[in-house]
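Per-entry structural report
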Amino acid sequence: MAKRTKKGEKGVFDVDKIKKEVKEAEKPKAKPKTGKTASEKKVRGKDYIKTGIEGFDQLFEQGIPKGSAILIAGGAGSGKTIMCLQILANAAKSGEKCLYLSFEESEDRLKGHMENFGWDPKSLEKSGNLMIKRMSPHDLARSVEALLAKEKGELMIEIEPVILPEGFKPDRIVIDSVSAIASSFVGREENYRSYIGQLFRYFEKLEATSFLVTETEQVPKIFSPTGVEEFLADGVVVLYNIRKGDIRENAIEVLKLRGAKHLKKIVAMQIVDDKGIVVYPEQEVFGGLE
Ligand SMILES: Nc1ncnc2c1ncn2[C@@H]1O[C@H](COP(=O)(O)OP(=O)(O)OP(=O)(O)O)[C@@H](O)[C@H]1O
Ligand SMILES: [Mg+2]
């Protein structure tokens, strides 16, 4: 089959390679000899992951089902990027392969945030467990649209999400942000909807747990660019930056999570120096949510 990757495009756009990896991911896996990494736990036949974020894991009865697609929704400056960096730093430290795909901030800036919190991105990268990659949302949109144009008229539109760097099969993936991707499709919303549907199916096949950042209002009524993403996702976590008089307080809520029990309350959260996000499951937040 002819390669769809255009000359000069980066390895991340190697469509044939991605197809191969999806096939690999679909093969039944041999049981690992040494059990699970520290951040995974097997409960009644189902795997759950922990984020390692203080207080956040206590919002779930057992954890987040492995392989779920979770939206991390919130307003500007609500802590979405920090939360995702923290989730990956913790997992990479305990031996999982983690990929951070940034459509907004540069690799250096993201590593700078990690350094500020003491998460040592350099040694995590060196260990081969962490990869941070910045991609242009416009390049992504253009290559998706080129594929869609080619596939027109076929019964099954099969576009590729064009995301995996060569030879890297992640256990956890962050997309920061879905909103940046959506904004590159402005005026071509139909193409965006095709793309996002494929992206969710692709993550399902990869069996990676994915965290997809969406930019919302500070107190959102919809949690994603089109409102469809929150139905496609298995889980939605909302970060709030709530105004109380002349100050703002952070709060967090697990809005939904398929296949898992979780606390249904909005609770306090803080971004703490040298630590990152800390959640206070006992500290309910009531006022200011209008
Ligand atoms: N070292 C720190 N200590 C305390 N708070 C911090 C620290 N560093 C950043 N913050 C807070 O975190 C906020 C930024 O968090 P983050 O970048 O994760 O937000 P975001 O939701 O991704 O924002 P955006 O929508 O702009 O991408 C800052 O506005 C600041 O309030
Ligand atoms: Mg951000």
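Reading the values: rules and limits
Residues numbered from 1 in each chain as written. Chains lettered and ligands numbered in written order. Predicted model: local features only at pLDDT ≥ 70, side-chain atom pairs only at ≥ 80, totals over all residues. Helix = DSSP H or I, 4+ residues; strand = E, 2+ residues; numbered from the N terminus. Contact = placed C-beta atoms within 7 Å. Near = placed C-beta within 6 Å. Nonpolar A, V, L, I, M, F, W, Y, C, P; charged D, E, K, R; others polar. Buried ≥ 20, exposed ≤ 12 C-beta atoms within 10 Å, placed from the backbone. Pairing = 2+ DSSP bridges. Axes fitted to C-alpha atoms, helices over the stretch in contact; angles between N-to-C directions. Arc of directions from axis to C-beta. Parallel < 35°, antiparallel > 145°, perpendicular 65-115°, else oblique.

1. Some words on the overall build of the protein
A tally of helices and strands in the protein yields eight helices and 12 strands. Pairs at least 24 residues apart make up 68% of the contacts formed inside the protein by residues separated by at least 6 positions.

2. Some points on the site of ligand 1
Taken together, G74, A76, G77, S78, G79, K80, T81, I82, N116, E215, I271 and D273 make up the full set of residues adjacent to ligand 1. Considered class by class, the residues forming the shell around ligand 1 number three nonpolar, six polar and three charged.

3. Here we look at unusual backbone geometry
The omega torsion of the bond from D176 to S177 falls at 5 degrees, within 30 degrees of zero and hence cis. For E207, which is not glycine, the phi dihedral falls at a positive 60 degrees. Mapped onto the elements, E207 comes out in the loop between helix 7 (189-206) and strand 8 (209-215). According to the C-beta neighbour criterion, E207 is partly exposed, with 14 such atoms within 10 Å.

4. Brief notes about the sheet that holds strand 7 (residues 172-176)
Taken in spatial order, the nine strands make up an open sheet running 6-5-7-8-4-9-10-11-12, and their pairing is mixed. Whereas interior strands pair on both sides, the edge strands pair on one side only; in this sheet they are strand 6 (130-134) and strand 12 (276-284). On average, each strand axis in the sheet is inclined to that of its neighbour by 20 degrees, with strand direction left out of account. Sheet topology places strand 5 (residues 98-102) next to strand 7; five bridges connect them, and they run parallel. Among the inter-strand pairings, S102 is bridged to a residue of strand 7, identified as D176. Across the face of the sheet, helix 2 (residues 80-93) comes into contact with strand 4 (69-74), strand 5, strand 6, strand 7, strand 8, strand 9 (235-244), strand 11 (267-272) and strand 12 while running at roughly 160 degrees to strand 7.

5. Some words on the pairing of strand 9
Here strand 9 lies mainly inside the structure; seven of its 10 residues are buried. In terms of strand pairing, strand 4 meets strand 9 through five bridges, oriented parallel. Paired with A73 across the two strands is V238, which belongs to strand 9. When strand 9 meets strand 10 (residues 247-257), the two strands line up antiparallel, connected through 10 bridges.

6. Some details on helix 3 (residues 107-116)
Buried residues of helix 3: L110, K111 and M114, and no others. Looking down the long axis of helix 3, one finds its buried residues gathered within 100 degrees of arc, a one-sided arrangement. Looking at helix 3, the residues exposed on the side facing more than 90 degrees away from the buried face are D108, G112, E115 and N116.

7. Some points on the packing of helix 2 against helix 3
Close contact between helix 2 and helix 3 brings their axes to 10 Å; oriented N to C, the two are set at 75 degrees. In terms of orientation, helix 2 and helix 3 fall into the roughly perpendicular class. Facing helix 2, whose interface residues are T81, I82, L85 and A89, helix 3 presents L110, H113 and M114. When grouped by side-chain class, the residues that make up the contact of helix 2 with helix 3 number five nonpolar, two polar and no charged.

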